[in-house]
Amino acid sequence: MKKDVISRKDFLIKGSSALALGLFSANILSAKNLVPNKKVLKLGLIGSGLRGRSLLSIVLNRKDVDVISICDIDKKAISATLKMFSKKDKKTPKVFTGDDYSYKKLLDDRSLDAVLIATPWFWHIPMAVDSMNRAKYAGLEVSGAFAIKDCWNLIDTYEKTGTKLMFLENVCYRRDVMAVLNMVKQNMFGELLHARCGYQHDLRHVKFNDGKNPYGNGVEFGDKGISEAKWRTWHSVNRNGDIYPTHGIGPIMKYFDINFGNRFLSLSSFATKSRGLNSYIKSHPKGGKDHPNANIKFKLGDIVTTTLSTSQEQTVIITHDTNLPRPYSLGFRVQGTKGIWQKDNDGMYIEGIRLSESGEPIKYQPHRWDDAKKYYKKYDHYLWKKYEKDAKGSGHGGMDYFLINAFVESAKANIDPPIDVYDAATMLAITPLSEMSIQEGGEVQSFPDFTRGKWLKRKNTFGEGKY
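Along each chain, numbering runs from 1 in the same order as the chain's sequence is written. With the structure being a predicted model, the display of local features is reserved for residues of pLDDT at least 70 and the display and counting of side-chain atom pairs for 80 or more, all residues being used for whole-chain, interface and lining totals. Computation of side-chain values: all heavy atoms of the structure, hydrogens and water removed.

### Re the layout of surface pockets
Method remark: on a 1 Å grid restricted to protein atoms, a set of points is classed as a cavity if a 1.4 Å probe fits but cannot get out and as a pocket if it is open with protein on both sides within 12 Å along at least five of seven lines; lining residues have an atom within 4 Å of a point. Grid points are joined across faces, edges and corners, and a volume is the space filled by probe spheres set on the points. Taken as a whole, the second largest pocket holds about 250 Å³ of empty space. For the second largest pocket, the lining is made up of 17 residues, of which Asp416, Pro417, Pro418, Thr461 and Phe462 are closest to its centre. Each residue is assigned to one of three groups, with Ala, Val, Leu, Ile, Met, Phe, Trp, Tyr, Cys and Pro labelled nonpolar, Asp, Glu, Lys and Arg labelled charged, and all others, Gly among them, labelled polar. Considering only residue class, the lining of the second largest pocket consists of five nonpolar, five polar and seven charged.

### Here we look at the sheet that holds strand β4 (residues 114-117)
Taking strand neighbours across the sheet as the criterion, the six strands line up as β3-β2-β1-β4-β5-β6 in an open arrangement whose pairing is parallel. Either end of the sheet is taken by a strand with one partner, and the two such strands are β3 (94-96) and β6 (165-167). Within this sheet the neighbouring strands show an average axis-to-axis angle of 20 degrees, counted without direction. Two strands qualify as a pair provided DSSP detects at least 2 bridges between them. Under the scheme used here, helices are H or I runs from DSSP no shorter than 4 residues and strands are E runs no shorter than 2 residues, and both carry numbers assigned from the N terminus. Where strand β5 (residues 137-140) meets β6, three bridges bridge the pair, whose relative direction is parallel. In the strand pairing of β6, Gly139 is matched with Met166. Axis geometry follows a simple rule: fit a line to the C-alpha atoms, using only the stretch in contact for helices, then measure angles between N-to-C directions, giving values from 0 to 180 degrees.

### Overview of the pairing of β4
The buried label applies to any residue whose accessible area, calculated with a 1.4 Å probe on protein chains only, is under 20% of its type's maximum; exposed applies above 50%, and partly exposed to all values in between. Of the two faces of β4, both are covered, the one formed by Ala114 and Leu116 as well as the one formed by Val115 and Ile117. Across four bridges, strand β1 (residues 41-46) lies against β4 in parallel orientation. Bridge pairing links Gly44 to Val115 in β4. Examined bridge by bridge, β4 and β5 share four bridges and lie parallel to one another. By the bridge assignment for β5, Leu116 is matched with Gly139. Classification remark: right-handed applies to a crossover when, strands pointing away from the viewer, the course from the first strand over the helix to the second runs clockwise. This β-α-β element, β4 to helix α5 (residues 124-133) to β5, shows right-handed connectivity.

### Some thoughts on the sheet that holds strand β13 (residues 347-350)
Taken together, the nine strands give an open sheet; going across it, the order is β14-β13-β12-β11-β7-β10-β9-β8-β15, and neighbouring strands pair in mixed fashion. Here the strands that pair on one side only, and so sit at the sheet edges, are β14 (370-371) and β15 (445-446). Pairing of strand β11 (residues 333-336) with strand β12 (residues 339-342), which is carried by three bridges, proceeds in the antiparallel orientation. Counterpart to Gln335 in the pairing with β12 is Ile340. For this analysis, residues touch if any pair of their heavy atoms sits within 4.5 Å. Packed on one face of the sheet, helix α10 (residues 246-255) meets β7 (192-200), β8 (264-271), β9 (304-310), β10 (315-321), β11 and β12 and runs near 160 degrees to β7.

Geometric values such as these leave the question of function open.
Right, here's the structure in full:
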């Protein structure tokens, strides 16, 4: 079995000659530099593109956070970010720019407590490692890893420095997802046996962006593209695996107590052939069969299907599907000995139970779906009940509010976050493992135990505290 399907160095050479990753050689600092129970968190933002600014918009509304620095190599992104400070009448932050390693100068500031990392995927783990080595509590945006050794690098750095990291998987905080978590905790589904999830989202317009539309419109990418089209499309050119598993698997891991008395044991993946992106380019009014991009050989299969097994003899199926025409879906399904939840039809079936529109039990009707919306209301999580007004208007239907609140409060107190470095490594590892499995014809891959046995005694408290 090959350890690495594609190295970060090889990927960057193929994908963008302007980028090359290296190790941060500065002396390692102790996590003790972050004093617990800070009243105001001094924060830096690394990556001020669309996602970075979305997170920043929430942070700027808080009185307990002082964003003192930002970093990006894109001057337009920096300009747009500085306008946000001006509109909020906030002090202008220090700006770090110029080259790909400018973020290291930001990390040199010893007054800085924490950082949010919202850069292109191939920078995520190196920047997180550098941040932890510099005693900066890290908030890391989601992606998939390039190699298993990168995931271990995260773990080793955390265990060596004691600096904490929160993986910014926002779907764990989605309202319906947390309502179902409530039901799982109350044993409504009985013993859990199976789950399905994924990232099924038509992103062809995002992967080809010529600048006419902020959300994508055209057939260009790489050096000729803008925003995500500059970097995201290269993954479809160079990689074949589940390159973005976290939005689906994050909530499922919390339901199944992964890394807390349960863990993933194995993984197997298969991919279809690639046709969607070529078809999109050929049929697009700005493209056509003679356009140079129409004949690019995209490596990423249009639909990637991954099956995971757990130590408690459960199975999880993840689907990645972003290059074909389709409606958005994370494909959630949770099934146990007492019932099943299926998000795509908002269906709920709990044996022996049916709810009226007011949420009261009514006459049982076997083998018929009940409306899950009634259950979302009845089992609405207390965090959403308490902070619904505060979350209104924040990104992704309000769930970004809860994500950032958890990060800020955890960093201020210097405590373990609700989605920690072990969760991060586990989610990130799905990508290289799926690549290896597909390359080997679906061969089953052993899933690393990133907790080094600690999963046996750790307790899953996600959704049980203040955040």
